[in-house]
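Given next are the chains, with one letter for each unit.
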Amino acid sequence: MNDQIKLGRPVLLQGNEAMVEGALAAGCSFFAGYPITPATEISEAMSVKLPALGGTFIQMEDEIASMGAVIGASLAGAKSMTATSGPGFSLMQENLGFACVAEVPCVVVNVMRGGPSTGLPTNVSQGDVMQARWGTHGDHPIIVLAVSTTRDCFDITVKAFNLAEKYRTPVVILSDEVVAHTREKISLPHPGEIEVIDRIRPNMPPDWYIPYEDNSRGVPPMGIFGDGYRYHVTGLIHDVRGFPTQRRDEIVPFVNRIFRKINQYFFDILMVKEELTDDADHLVVAYGSVARSARRAVREARERGVKAGLIQLITLWPFPRQIMEPYLRRVKAVLVPELNMGQVSREVKRINQGMTRVETLNRIDGTLITPDEILVRLIKM
Amino acid sequence: MAEITKLIHKYLRHEKKFPHVWCPGCGNGIVLGSLIRAIDKTGLTKDEVVLVSGIGCSGRLPVYVDFNTLHTTHGRALTFATGVKLANPSLQVIVIMGDGDATAIGGNHFIHAARRNLNLTAIILNNNIYGMTGGQYSPTTPYGALATTAIYRNIEHSFSIAELAVTAGASMVARGTVYHANMLDGLIEKAIRKRGFAVVEVVTHCHTQYGRRNNLGGPVEMLRWQKETAVRVEKAQKMTPEELEGKFTIGILVDRDLPIYTQEYQKIRETAKARMAKAR
Ligand SMILES: Cc1ncc(C[n+]2csc(CCOP(=O)(O)OP(=O)(O)O)c2C)c(N)n1
Ligand code: SF4
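Where an unreviewed UniProt entry is consulted, chain B appears under the name 2-oxoacid:ferredoxin oxidoreductase subunit beta, with the organism given as Desulfoglaeba alkanexedens ALDC.

Written as structure tokens, this is what we have:
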């Protein structure tokens, strides 16, 4: 593994390693994890690099513990992260919900592999899109981003930390086995070129601090343990002071606020890459490793006179409905290739409401969808 | 002002969170009192203390006290505390758990926290039952006792929390009772001052869910049982196994100096830095 990465110069990295570089560039100083294929290299690289930078890596006894430690570290001021795959992600869900309710910034990487259960541990899948959105219990918003290249792994991880800090929320990055293990030559940006955002801290006298008070952003400034702003943190629905409440007039504004803080900044959170879409008749909607196959297929389709275009989703949740709708109104057909039984296609169909034809291309055998398979379908459409 | 009033004004969130949720006569209030007196004796400032709890009646304790307080998920308090401590080792992190919280759902975290030896204080309120959920049997419910999920009597054998902690490698392990409140103050204070993972098992009573169902009486009778059944470890050493039958020991069970995780990790940082510098 690369101990030393010279920024600005080309390096050969796999997706998992690039994620570590991205996290460190964003200021991550705490990582807790439990080994699982195909996410393990993230833990391994963190264990080497974090201590050298004065941060902390710890291998916990399981993923539940890892997620707990990540939340604790964030509350004590660290930018913190964990990385796992399917079964581990399932174990993290209860504490992920805690982070949503207590508004604790953190980044959770799920390198998707075949499932359910121990499934196809070493094979690629995109089966956790819905779990990332709805895996934990109860109503809450969440931000979920998907990576498709090694360079993405760097950039989107930086972005994930920034969004987490800005909106005081956990951010999930969905990677997959192919993205995680593909080695590519990339140039990493200089630290000066990277935007790094830190959580807003309270600056009023501590006695005046109301830890969960609403403001125009919907994101209260965050005190951290030990800084003089003492308050109560709980997974219970709480009042503006952080204390448990069962009052209707406190529950409803609280839940509304945590939704509002994400909805209000929808376009800041939203990331899509559009290619050849301006005049497209046929649209491919793809994400993760499949987006690469789709890009190639769309370019080849154009060479053969098929007016195809690609929308690559980076932000999966909140779902980029506003971006999709104008296309759905206009194009002749949409194809959603994905490595599951149809999780994003279901969402596309949900917002489509009969505007156009939505076709799916699904693979669940642990292998990647090839550009040819998409091309063949595009030509037939 | 009387000493007690001063402490109440200094530490309790009295204007915000009272009356508390506990049943009248519950032992949890005595533990809260002990904890406050112990922290006061250590001279720690409120900003230096982080109180972390799990879920259960005992888990509600931190809400009443004016520290940095964190009420986590059921069984996971120690994992959150681990993150807090590692991110800022200068904080004094004290973890409050119930017996079900710490040894059923959180059993794995408990033994690993003991083994890992971070400088944390774990206070486990052992009332032999799941109080908050209404009296189901827990890993410390005695064999043969009654619970809502053991109306035909409990056929499982109970853990000794303190002995489990000793075996798992904690630096300091003590057991106290809420009846011996003065002693408890001292045990908790010592545990807070201890460098390393320190556990205090507090034998307490849940008369509502456990005592009543098992004909053990109310708080007074249950406290009397604690008085009569607890034997100080020093005294126990001079007693025969027959004399100790049916009794439990209180006091400090283990106090040993072991390398602390954060100190060890500092060494890793030095090594890693040196290696990176060489590679440059
Ligand atoms: C994951 C999960 N499972 C179950 C519960 C329900 N639950 C709440 S408190 C509790 C038991 C508490 O018992 P104990 O830890 O002994 O504490 P006590 O209430 O007796 O103080 C349980 C099972 C929960 N909150 N979360
Ligand atoms: S149910 Fe038991 S443990 Fe809970 S408050 Fe009542 S007496 Fe205390």
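Moving on, we come to the overall build of chain A. Broken down by element type, chain A carries 13 helices and 16 strands. A compact globule built from 381 residues should have a C-alpha radius of gyration of about 21 Å, and chain A, at 21 Å, falls within 12% of that. For the C-alpha atoms alone, the extent of chain A along its principal axes is close to 70 × 50 × 40 Å. Counting across all 381 residues of chain A, residues that qualify as buried make up 64%.

Turning our attention to the layout of surface pockets. Residues and elements named next belong to chain B. Counted as a void, the largest pocket has a volume near 630 Å³. Lining the largest pocket are 26 residues, with Asn128, Pro142, Trp225, Gly246 and Phe248 sitting closest to its centre. Secondary-structure elements contributing two or more residues to the lining of the largest pocket are helix 7 (161-168), strand 8 (198-203) and helix 10 (219-229). Ranked by residue count, the leading element in the lining of the largest pocket is helix 10, at four residues. In the lining of the largest pocket, the residues fall into ten nonpolar, eleven polar and five charged.

Bringing unusual backbone geometry into the picture now. Most peptide bonds take the trans configuration, and most residues that are not glycine carry a negative phi. Residues and elements named next belong to chain A. Across the junction of Gly115 and Pro116, the peptide omega takes the value 0°, indicating a cis bond. Locating Pro116 in the fold gives a position in the loop between strand 5 (106-114) and strand 6 (120-124). Put simply, Trp317 and Pro318 share a cis peptide bond, and its omega is -5°. Positionally, Pro318 belongs in the loop between strand 14 (315-317) and helix 11 (321-330). Although it is not a glycine, Ser117 adopts a positive phi angle of roughly 55°. Mapped onto the elements of the fold, Ser117 is located in the loop between strand 5 and strand 6. One non-glycine residue, Arg168, adopts positive backbone phi at about 50°. Inspection of the secondary structure assignment puts Arg168 in the loop between helix 6 (150-167) and strand 8 (170-176). By relative accessible area, Arg168 is classed as buried at 1%.

Attention now goes to the packing of aromatic side chains. All names here are of chain A. For the coordinates displayed, the defined rule picks out 13 aromatic pairs over all chains. Relative to Tyr231, the ring of Tyr209 lies with its centre 5.8 Å away and its plane at 85°, an arrangement referred to as edge-to-face. With Tyr209 in the loop between strand 9 (183-187) and strand 10 (232-234) and Tyr231 in the loop between strand 9 and strand 10, this residue pair connects regions lying 22 residues apart in the sequence. Aromatic rings pair up to connect Tyr209, Tyr212, Tyr229 and Tyr231 into one cluster.

Here the focus is the packing of helix 1 (residues 3-11) of chain B against helix 3 (residues 28-42) of chain B. All names here are of chain B. The contact between helix 1 and helix 3 brings their axes to 11 Å, and the two run at 85°. Judged on the interaxial angle alone, helix 3 and helix 1 are roughly perpendicular. Across the interface between the two elements, Leu7, Lys10 and Tyr11 of helix 1 pack against Ile36, Arg37 and Asp40 of helix 3. Among the residues forming the contact of helix 1 with helix 3, the class breakdown is three nonpolar, no polar and three charged.

The next point concerns the interface of chain A and chain B. Counting residues at the interface gives 43 residues for chain A and 42 residues for chain B. Counting the surface chain A buries against chain B, the share from its top three residues, Glu61(A), Phe225(A) and Arg230(A), is 20%. One can count three salt bridges joining chain A with chain B. Here Asp47(B) ties to Arg230(A) by a salt bridge, and the two come within 2.9 Å at their closest N and O atoms. Linking chain A with chain B are 15 residue pairs in polar contact (both at pLDDT 80 or more), by the criterion used here. When residues of the side of chain A that touches chain B are traced back to their parent elements, those giving at least two are helix 2 (40-52), strand 3 (56-59), helix 3 (63-75), helix 4 (86-102) and strand 10 of chain A. Broken down by element, the side of chain A that touches chain B gets its largest block of residues, eight residues, from helix 3 of chain A.

With that out of the way, let us pick up the site of ligand 2. Looking at ligand 2, the residues that line it are Trp22(B), Cys23(B), Cys26(B), Cys57(B), Asn127(B), Gly131(B), Cys206(B), His207(B), Thr208(B) and Gln209(B). In terms of residue class, the shell around ligand 2 is built from five nonpolar, five polar and no charged.

Turning next to the site of ligand 1. Taken together, 17 residues lie near ligand 1, and Cys57(B), Asp101(B), Asn127(B), Gly131(B) and Met132(B) sit nearest. More than one chain approaches ligand 1, the contributing ones being chains A and B. Here Asp99(B) contributes a side-chain N or O atom positioned 3.3 Å from an oxygen atom of ligand 1. Between ligand 1 and the protein, one listed contact pairs an oxygen atom with a side-chain N or O atom of Asn127(B) at 2.9 Å. Compared with its free state, where it exposes 590 Å², ligand 1 has 76% of that area covered by protein. Going through the elements one at a time, helix 5 (99-105) and strand 5 (129-130) of chain B are the ones with two or more residues in the shell around ligand 1. The element best represented in the shell around ligand 1 is helix 5 of chain B, accounting for four residues.

So, on to the sheet that holds strand 4 (residues 120-126) of chain B. Strand order in this open sheet of nine strands is 10(A)-2(B)-1(B)-3(B)-4(B)-8(B)-7(B)-10(B)-9(B), and the pairing throughout is mixed. This sheet does not close on itself; its edge strands, each paired only once, are strand 10 of chain A together with strand 9 (230-232) of chain B. Strand after strand, the sheet turns through a mean of 20° between neighbouring axes, direction not considered. Contacting strand 4, strand 7 (172-177), strand 8 and strand 10 (248-255) of chain B, helix 7 of chain B runs over the sheet at an angle of about 175° to strand 7 of chain B.

Within an α-helix, residues lying three or four positions from one another point in the same direction, as the helix has 3.6 residues per turn. All names here are of chain A. Its 17 residues give helix 4 an end-to-end C-alpha distance of 24 Å, which sits within 8% of 24 Å, the value for a rise of 1.5 Å per residue. At Gln93, helix 4 shows its strongest bend, of approximately 50°. With respect to burial, helix 4 is a largely interior element, 13 of its 17 residues being buried. Just beyond helix 4, the residue with positive phi is Glu103, at close to 55°.

This part covers the UniProt feature "domain: Thiamine pyrophosphate enzyme TPP-binding" (unreviewed entry) in chain B. According to UniProt, the feature "domain: Thiamine pyrophosphate enzyme TPP-binding" (unreviewed entry) maps to residues 59-202 of chain B in the numbering used here. Annotated as 34% helix and 23% strand, the span residues 59-202 of chain B places its first and last C-alpha atoms 14 Å apart.

Okay, the pattern of salt bridges next. All names here are of chain B. Throughout the structure, instances matching the rule amount to 39 salt bridges over all chains. Close ionic contact of Glu3 with Lys6 constitutes a salt bridge, the shortest N to O distance being 3.9 Å. Of this pair, Glu3 and Lys6 both sit in helix 1, three residues apart, which is roughly one turn of that helix. On the basis of relative accessible area, Lys6 is assigned to the partly exposed category, the value being 42%.

Turning next to the environment of Pro220(A). Residues and elements named next belong to chain A. As for its position among the elements, Pro220 is in the loop between strand 9 and strand 10. A relative accessible area of 2% places Pro220 in the buried class. When sequence neighbours within four positions are dropped, the list of residues in contact with Pro220 reads Glu103, Arg168, Pro211, Tyr212, Glu213, Asn215 and Arg257.

Cut-offs used in this document
- Counting starts from 1 at the beginning of each chain's written sequence and moves along it residue by residue.
- To read the labels, note that chains go from A and ligands from 1, taken in the order they are written.
- Where totals are concerned, whole chains, interfaces and linings use all residues; where local detail is concerned, this predicted model gives features only for residues with pLDDT of at least 70, and gives and counts side-chain atom pairs only at 80 or more.
- Side-chain descriptors were evaluated using all non-hydrogen atoms of the structure, hydrogens and water having been removed beforehand.
- The numbering of helices and of strands both runs from the N terminus, where a helix is a DSSP run of H or I of at least 4 residues and a strand a run of E of at least 2.
- The quantity called the radius of gyration is restricted to C-alpha atoms. Its globule counterpart is 2.2 Å times the number of residues to the power 0.38.
- A 1.4 Å probe rolled over the protein chains alone gives each residue an accessible area, and that area as a share of the maximum for its type sets the label: buried under 20%, exposed over 50%, partly exposed in between.
- The way it works is a 1 Å grid over only the protein atoms, where trapped points that fit a 1.4 Å probe form a cavity and open points with protein on both sides within 12 Å along at least five of seven lines form a pocket, and then any residue with an atom within 4 Å of a point lines it.
- Grid points are joined across faces, edges and corners, and a volume is the space filled by probe spheres set on the points.
- Residue type decides the class: Asp, Glu, Lys and Arg count as charged, Ala, Val, Leu, Ile, Met, Phe, Trp, Tyr, Cys and Pro as nonpolar, and the leftover types, Gly among them, as polar.
- For Phe, Tyr and Trp, rings pair up if their centres lie within 6.5 Å, where Trp contributes its six-membered ring, and each pair is then called stacked (planes under 30 degrees apart), edge-to-face (over 60) or tilted (otherwise).
- Orientation is described by axes fitted as lines to C-alpha atoms, over the contacting stretch for helices, and by angles from 0 to 180 degrees between their N-to-C directions.
- Should an angle lie under 35 degrees it is considered roughly parallel, over 145 roughly antiparallel, and from 65 to 115 roughly perpendicular; all remaining angles are considered oblique.
- It only takes one pair of heavy atoms within 4.5 Å for two residues to be counted as in contact.
- Buried surface area refers to the total accessible area, computed with a probe of radius 1.4 Å, that the two partners give up upon joining, counted for both partners together.
- A carboxyl oxygen of Asp or Glu within 4 Å of a side-chain nitrogen of Lys or Arg is what we treat as a salt bridge.
- Within 3.5 Å is the distance limit for a polar contact, defined as a pair of N or O atoms, with the added protein rule that one can donate a hydrogen and the other accept it, and that residues adjacent in sequence qualify only through two side-chain atoms.
- Here a residue counts as near a molecule or strand whenever at least one of its heavy atoms sits within 4 Å of it.
- All accessible-area figures derive from a Shrake-Rupley calculation using a 1.4 Å probe, and residue coverage is judged against the displayed protein chains alone.
- Two strands pair under a simple rule: DSSP has to find at least two bridges between them.
- Expected helix span is given by 1.5 Å per residue-to-residue step, counting one fewer step than there are residues.
- Fitting one axis to the seven residues ending at a residue and another to the seven starting there, the bend at that residue is the angle between the two axes.
- UniProt positions are given in the numbering used here, feature names are shortened, and annotations may be inferred rather than shown by experiment.

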